[in-house]
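# Residue-level structure breakdown
Listed below are the residues making up each chain.
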Amino acid sequence: MQDLQGRVAVVTGAGSGLGRAIALRLGREGMRVVAADLDGASAEDTAAQLADSGVEALPVAADMASVAAVEGLADAAFARFGRVHLLCNNAGVDGYRGGPIWAAAPADWERTLGINLYGVVNGVRTFLPRMLDDEDGGWLVTTGSLGGLVSAASMYGVSKHAVVAYMEAVDAALRARGSSIRTLVLLPGPIATAFGERALAVDASAVARSEREAIRDLVASGSDPAVIADALLEGLRSGAGYVVAGGDLDGFRERVATVEKALQVP
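Residues numbered from 1 in each chain as written. Predicted model: local features only at pLDDT ≥ 70, side-chain atom pairs only at ≥ 80, totals over all residues. Heavy atoms only, no water.

Right, let's get into the overall build of the chain. Within the chain, the secondary structure is distributed over 10 helices and seven strands. Contacts in the chain between residues far apart in sequence, at least 24 positions, make up 72% of those at least 6 positions apart. Of the accessible surface of the chain, which amounts to about 12400 Å², a share of 53% is contributed by carbon and sulfur atoms. (Helix = DSSP H or I, 4+ residues; strand = E, 2+ residues; numbered from the N terminus. Contact = heavy atoms within 4.5 Å. Areas by Shrake-Rupley, 256 points an atom, 1.4 Å probe, with all protein chains shown as cover.)

Take a look at the structure:
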């Protein structure tokens with residue numbers, strides 16, 4: 001699917017940050033865009049920016065952790081455009097940082113995995129069967145993180161490891177059936193958005209001051225979301241299965257070396 005002109009993309013978490021940058025970038029390629037976000041007003045803002053640049057766009061308020069809401073999103077997208085060629089599961093939250101991970105409450109896990117993992121599962125489960133009927137093929141794009149490759153140090157990292165593994169399983173199943181739909185996992189490093197600050201705002205009092213400062217430093221030194229969106233587009237053009245952007249694989253290599261060193265083979 002090299003030519004994106006006139007095709008249809010659904011981008012979740014499109015109301016701000018990386019999601020908005022991806023929606024705008026795909027719009028510049030001539031795609032029609034469904035901008036979905038938990039915050040309906042933010043989705044409308046993104047759709048308005050797309051419309052101002054001549055892109056046909058549909059805003060939808062949707063909670064990706066809700067099966068019913070995701071089904072509603074799919075119904076709205078197909079009712080408006082008739083088909084979807086690219087699903088970008090981008091919505092995400094940072095997750096619990098209130099202490100050691102074993103102290104996290106069930107509600108913390110439900111919130112983080114509900115959006116970061118089940119949001120992806122819900123999106124694929126709902127959209128993919130309809131996309132398989134389209135002879136033009138398409139893409140399942142998922143925003144993972146370099147945190148999904150390195151040694152997990154937080155609930156966010158755990159959720160992103162799960163996302164990477166899930167998309168590997170989806171890709172294997174698609175290839176086994178000879179489908180022309182391809183998967184792409186975007187693996188960005190730190191991004192200069194309000195993502196980290198929103199995570200701290202959930203319960204800033206529970207997060208150590210040193211950790212708050214470290215998160216803010218990461219955000220301040222992070223990549224421009226537009227740069228990450230450009231890298232994603234290049235990955236689509238080249239047919240890549242993974243795109244690393246705004247970071248390197250040093251931490252991944254360290255993790256592999258640590259696991260190999262710790263292995264005991266009978």
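Read on for the rest.
Scanning all chains against the criterion turns up one aromatic pair. Measuring from centroid to centroid gives 6.3 Å for Phe-78 and Phe-127, while their planes differ by 35 degrees, and the two rings are tilted. Here Phe-78 is found in helix H3 (residues 67-81), whereas its partner Phe-127 is found in helix H5 (residues 118-131), with 49 residues between them in sequence. The exposure class of Phe-78 is buried, given its relative accessible area of 15%. (Phe/Tyr/Trp six-rings, centres within 6.5 Å; stacked < 30°, edge-to-face > 60°. Buried < 20%, exposed > 50% of the residue type's maximum accessible area, 1.4 Å probe, protein only.)

Across the interface, helix H4 (residues 106-116) lies against H5 with an axial gap of 3 Å and an inter-helix angle of 35 degrees. The residues of H5 that touch H4, namely those facing Leu-113, Gly-114, Ile-115 and Asn-116, are Tyr-118, Gly-119 and Val-120. In terms of residue class, the contact of H4 with H5 is built from four nonpolar, three polar and no charged. (Axes fitted to C-alpha atoms, helices over the stretch in contact; angles between N-to-C directions. Nonpolar A, V, L, I, M, F, W, Y, C, P; charged D, E, K, R; others polar.)

Taken together, the seven strands give an open sheet; going across it, the order is S3-S2-S1-S4-S5-S6-S7, and neighbouring strands pair in parallel fashion. Each of the sheet's edge strands pairs with one partner strand only, and the pair in question is strand S3 (57-61) and strand S7 (242-245). Between one strand and the next, the sheet's axes are offset by a mean angle of 15 degrees, whatever the strand orientation. Examined bridge by bridge, strand S1 (residues 8-12) and strand S2 (residues 32-37) share five bridges and lie parallel to one another. (Pairing = 2+ DSSP bridges.)

Before going further, it helps to examine the pattern of salt bridges. What the rule picks out here adds up to 12 salt bridges. The closest approach of N and O atoms between Arg-25 and Asp-230, which form a salt bridge, is 2.7 Å. Taken as a pair, Arg-25 in helix H1 (residues 17-28) and Asp-230 in helix H9 (residues 225-238) lie far apart in primary sequence, 205 residues in all. Taking the relative accessible area as the measure of exposure, Asp-230 reaches 34% and is therefore partly exposed. One salt bridge in this structure joins Arg-237 and Glu-29, with 3.1 Å as the shortest N-O distance. Separated by 208 residues along the polypeptide, Arg-237 in helix H9 and Glu-29 in the loop between H1 and S2 bring together distant segments of the chain. The partly exposed category is assigned to Glu-29, whose relative accessible area is 21%. Among the charged side chains, a salt-bridge network with shared partners connects Arg-25, Glu-29, Asp-230, Glu-234 and Arg-237. (Salt bridge = Lys/Arg side-chain N within 4 Å of Asp/Glu carboxyl O.)

Here we take up the environment of Ala-229. Tracing the backbone through its elements, the reader meets Ala-229 in helix H9. Look at Ala-229 and you get buried, because its relative accessible area is 3%. Note: C-alpha distance between Ala-229 and Gly-19 (210 residues apart in sequence) is 8.6 Å. Apart from residues no more than four positions distant in its own chain, Ala-229 is found in contact with Leu-18, Ala-21, Ile-22 and Arg-25.

From the geometry alone we can't say anything about function, so treat these as descriptive.
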